[in-house]
Every structure is written in C-alpha cells, then in structure tokens.
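# Structural features, examined
Now for the letters of each chain:
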Amino acid sequence: MRPGAILVVGEAIGDFIPRDAEGRRYEAVLGGSGFNAALALARFGAHPAYAAALSADALGRRFRAALAAEGIDTALIRDSARPTAVAIVSPLGPDGVPEFALHLDRTAHDEPEGTPRAMPAGFVHLHAASFGATIGPSGDATGDLAASARTGGATISYDINIRATVLPERDRARALIEARIAQADIVKASLDDIAWLHPGEPAEAVAKRWRNLGARLVLVTRGSEGAIGYGAGEPLVATVPSVVVADTVGAGDTFIGGVLAVLAARGRLGRGFSEASREVLRDALAFACAVAADSCTRPGCDPPRRLAT
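In short, a report on the structure. The structure presented is a predicted model; accordingly, all values stated were derived computationally and were not measured.

Our next topic: helix α7 (residues 251-265). The first and last C-alpha atoms of α7 sit 21 Å apart over 15 residues, in line with the 21 Å expected at 1.5 Å per residue. Extensive coverage of α7 is indicated by the burial of twelve of its 15 residues. All of the buried residues along α7 are A251, D253, T254, F255, I256, G257, G258, V259, L260, A261, V262 and L263.

For strand β12 (residues 217-221), the buried fraction is high: five of the five residues fall into the buried class. Residues L217, L219 and T221 line one face of β12 and the alternating positions V218 and V220 line the opposite face, and both faces are buried. Joining the antiparallel neighbours β12 and strand β13 (residues 227-230) is a turn of five residues, in which G223 adopts a positive phi near 60°.

A few words now on unusual backbone geometry. Phi is positive for S130, close to 60°, though the residue is something other than glycine. Along the polypeptide, S130 turns up in the loop between β9 (123-129) and α3 (136-151). Taking relative accessible area as the criterion, S130 reaches 0% and is therefore assigned buried. In this structure, N161 takes a positive phi of about 45° despite not being glycine. Considering the arrangement of structural elements, one finds N161 in the loop between β10 (155-159) and α4 (170-181). Taking relative accessible area as the criterion, N161 reaches 11% and is therefore assigned buried.

Within the fold, S157 resides in strand β10. If sequence neighbours within four positions are ignored, S157 has contacts with H125, L126, H127, A128, I186 and L260.

Looking now at the layout of surface pockets. The volume enclosed by the second largest pocket comes to roughly 200 Å³. Lining of the second largest pocket is provided by R211, R216, L217, G231, A232, E234, L236, F273, S274, A276, R278 and L281. Of the residues belonging to the lining of the second largest pocket, the class tally is six nonpolar, two polar and four charged.

Taken in spatial order, the four strands of this open sheet run β3-β2-β7-β8, and their pairing is mixed. The open sheet terminates on both sides in strands that have one partner only, identified here as β3 (26-31) and β8 (100-103). Taken over all neighbouring pairs, the strand axes of this sheet differ in orientation by 25° on average, direction set aside. The pairing of strand β2 (residues 13-18) with β3 spans six bridges and is antiparallel. The residue of β3 that forms the bridge with F16 is A28. Along the sheet, helix α2 (residues 58-69) makes contact with β2, β3 and β7 (86-89), crossing β3 at roughly 50°.

Rules and cut-offs
- Residues numbered from 1 in each chain as written.
- Predicted model: local features only at pLDDT ≥ 70, side-chain atom pairs only at ≥ 80, totals over all residues.
- Heavy atoms only, no water.
- Helix = DSSP H or I, 4+ residues; strand = E, 2+ residues; numbered from the N terminus.
- Expected span 1.5 Å × (residues − 1).
- Buried < 20%, exposed > 50% of the residue type's maximum accessible area, 1.4 Å probe, protein only.
- Pairing = 2+ DSSP bridges.
- Contact = heavy atoms within 4.5 Å.
- 1 Å grid on protein atoms, 1.4 Å probe; cavity = no way out; pocket = protein on both sides within 12 Å on 5 of 7 lines; lining within 4 Å.
- Points joined across faces, edges and corners; volume = space filled by probe spheres on them.
- Nonpolar A, V, L, I, M, F, W, Y, C, P; charged D, E, K, R; others polar.
- Axes fitted to C-alpha atoms, helices over the stretch in contact; angles between N-to-C directions.

Below is the structure:
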C-alpha cells in the first residue's frame, strides 16, 4: 500500500453517449462516479484503489483493463456474473449538460458483496461517490465502511451527485443523503443537486445545514461560474477557465478528484486534514476547476494528465 492511498467506492457504469445530434449513433464509454473519480485521482498523481463488483462481460473487461492501465489498485475488485450497469445519455443541448437513463436492475452494480464493509489497513481517505454510495446494497455497505474509516482515523469525502430516476422519493432520498453527509469531512454537490434536495433554498444556507450535520468542508460546483468552498471562515471562491465544451460528463468527478489529489499531495488527508490552511484549500479548488474545465473539452470523462502539487 502506497503512502497516502485513497479508497474509492461508487458505481461503474457503461455510458452510451450520442455521437450525433439526433441520437442515431452512440459510443459506449466507461463511466460512473466511482470509476471516474478513481481515474481522475490516478491521472493527477494520487494513489487510488477502487472497490466495486465488475462484470465479466465486454464492458466489465474494459473497466478492468482501464483500471490496470491507469495504475489504479484493483485488489478490492469483486467478480460478478451479472452484466455491467449502463446509462443511455440523451443527445446534448447547447450547454453540454447530459441527462442519464440508468439501467441498474440485476447488474453487477447490485452485487451485495461489491463494497467492503470495513476499511482496509493503509488508507488515509475514503471517497464515496453518488447513488452507488447512497442506496441499495452498495449504499448500505458504504455506511458501515465510512464508520470503520472514521474509527481508523481516515477522512471521508462524499459526492452527492443526484440521479433522481434511481433514488427513492425526495424525503427518503434526503434522509439517506444526510446520513452519509453526517459521516463525511468533505461534501461535494452541484447547484442542481442542491436545487433537487432543497428547492428554492440558497446554496449557502444548505451548506451551513450540512456543516451542522458534521461536514467540515462543503464544496458547491457552479458550472461555468466555478466553485465555492464553505468551511471555517469566509467562503473560498474559485473561478473556471473559459473553454469550448464538448460535454460535461464526468466534470464533477474530475473536480472532486482534483481537490483530493491536491490535499493528498500536501499531506492534508487523514489526520492531516485538520491542518489544511485556507491557502491549501484555495489551491485545491483552483486546480479542481482547471482540470474539470479541461475534461469538458473532450467527450465523456477524460481528465487531463496533470500532477497535483
């Protein structure tokens, strides 16, 4: 186990992305918030391990090959005889924002043993991503895993990443998400996530509520307007460079990977997180905005290879 290793849990999904405006031609690309975050961390010089159940089908084999090619630790991968979960992405509008039709039933995503329930030794941080860390067998296991991580002194981040079509009704979903927020040190959400969870409420008010639940740093991404970090003291604001957007698939996963990679490079995950200065956090947000914007210039989640320092 490398020093500063980060364990990532959350879904691996085969994204079928349209390659023309009418949706007549699609390409299958590797995605899912957990997989994307692990990919970003590896490309930014961090040391991630990915824990999930992966199918033996063609997409599952592609996931395994990609993880190995990126140097991501796969020791915690579990085999599944079920097919890979897929998402059909709608043809993109002018803003490049996708809509996902998720197909999860009876897939590898539903394997009850796909997510470990105890934090393995040697990790300083746990990153829990999206609905894969919130609902179903993997969500239940993630709750136990987060409790184990906290007991062992690891820090925890949680990317809410709302996918309303696979969540229960809003009040129940909110309760599940808040339970995970209460376990996390770092919480990441987009303005769309906040609008779905708390319609009509300002992001700053919601961030304050989440900090009262226990989160020490709440990161709110705002698309082309950058991101804001709510922690101790005044909010931290980061801008995003202007780019020509191909699509925004995986931008949020690239963003949180960038934040965590900088914190890891500075020794500010795990027990060191309490010593993270405003300068370090500001640098982390700036790096994260830059790499997320870069990824948006290419189709699918394709983080740049840029070392965090």
